[in-house]
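# Structure at a glance
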Amino acid sequence: DVFAFGSLAYTLFTGQSPFTSDSAVDIMRKIIDIDYDPVTSIRPSLPKEFDTFLSRALSPTPEARATIDELHEALGQLLAREQIFNSRLPIRRWLAENGIVYASPVQE
């Protein structure tokens, strides 16, 4: 699920959940209203493209969200531009090779 991925990515980038409240109803309202702080307001050192990337993942309606393939491509380009990894290497494999995730070998 792209929305879950966006929520997890936001948490990984900022150390906090994008939608927080003491009330489940308030959290749902924040999701519907797209009420969260841009990651660059919490981590100014991140490129502004991370805000765009996450806004495409955290859209409240599935129709407005990017596909996982679109996000994979956008994240790969962003990380390559920031010289975090080689964009020709699929993200899944890079994460596994660097011990960040553990997965069975990926067919390419």
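Throughout this document, residue positions are counted from 1 along each chain, in the order its sequence is written. This being a predicted model, a pLDDT of at least 70 is required before a residue's local features are given, and a value of 80 or more before pairs of side-chain atoms are given or counted; all residues contribute to the totals for chains, interfaces and linings. Derived side-chain values reflect all non-hydrogen atoms in the structure, with water molecules and hydrogen atoms excluded from consideration.

## Considering the environment of Pro47
- Tracing the backbone shows Pro47 in the loop between helix 3 (39–42) and helix 4 (49–57).
- Accessibility here uses a 1.4 Å probe with only protein chains present; expressed as a share of the type maximum, an area under 20% marks a residue as buried, one over 50% as exposed, and anything in between as partly exposed. A residue is classified by how much of its surface remains accessible, and Pro47, at 14% relative accessible area, is buried.
- Residue contacts are defined here by distance: any two heavy atoms, one from each residue, within 4.5 Å place the two residues in contact. Sequence-distant contacts of Pro47, that is, excluding residues within four places in its chain, are made with Thr40, Leu78 and Glu82. Strands here mean DSSP runs of E at least two residues long; helices mean DSSP runs of H or I at least four residues long; both are numbered from the N terminus.

## Description of the packing of aromatic side chains
- Only rings of Phe, Tyr and Trp enter the pairing, Trp through its six-membered ring, and a pair is recorded when the two centres are within 6.5 Å. The plane angle decides the type: under 30 degrees is stacked, over 60 is edge-to-face, the rest tilted. Under the criterion given, the structure shown has five aromatic pairs.
- Between Phe5 and Phe53, the ring centres sit 6.2 Å apart and the planes meet at 80°, which makes this aromatic pair edge-to-face. Of this pair, Phe5 sits in helix 1 (residues 2–14) while Phe53 sits in helix 4, placing them 48 residues apart in sequence.
- Its relative accessible area of 30% is what places Phe5 among the partly exposed residues.

## Observations concerning unusual backbone geometry
- At Ile34, a position not held by glycine, the phi torsion is positive, near 50°.
- Tracing the sequence through the fold places Ile34 in the loop between helix 2 (24–32) and helix 3.

## Considering helix 1
- The terminal C-alpha atoms of helix 1 lie 18 Å apart, and with 13 residues this matches the ideal 18 Å at 1.5 Å per residue to within 8%.
- Restricting attention to buried positions, one finds in helix 1 the residues Val2, Phe3, Gly6, Ser7, Ala9, Tyr10, Phe13 and Thr14. An end-on view of helix 1 places all buried positions within 165° of arc, on one side of the element. Within helix 1, the exposed residues directed more than 90 degrees away from the buried face are Leu8 and Leu12.
- Counting of polar contacts relies on pairs of N or O atoms within 3.5 Å, with two restrictions inside protein: one atom must be capable of donating a hydrogen and the other of accepting it, and residues adjacent in sequence are counted only when both atoms are side-chain atoms. Looking at where helix 1 begins, the residue whose side-chain oxygen comes 3.3 Å from the main-chain nitrogen of Phe3 is Asp1. Multiplying one less than the number of residues by 1.5 Å gives the expected span of a helix. Arc definition: it is the arc formed by the directions from the helix axis to the C-beta atoms.

## Some thoughts on helix 4
- When helix 4 is considered as a whole, its buried residues turn out to be Phe50, Asp51, Phe53, Leu54 and Ala57. What you see down the axis of helix 4 is that its buried residues fit within an arc of 160°, all on one side.

## Topic: the side chain of Thr14
- Considering the arrangement of structural elements, one finds Thr14 in helix 1.
- Within polar-contact distance, the side chain of Thr14 engages the backbone oxygen of Gln16 at 3.0 Å.
- Sequence-distant contacts of Thr14, defined by excluding residues within four places in its chain, comprise Val39, Ile42 and Arg43.

Geometric values such as these leave the question of function open.
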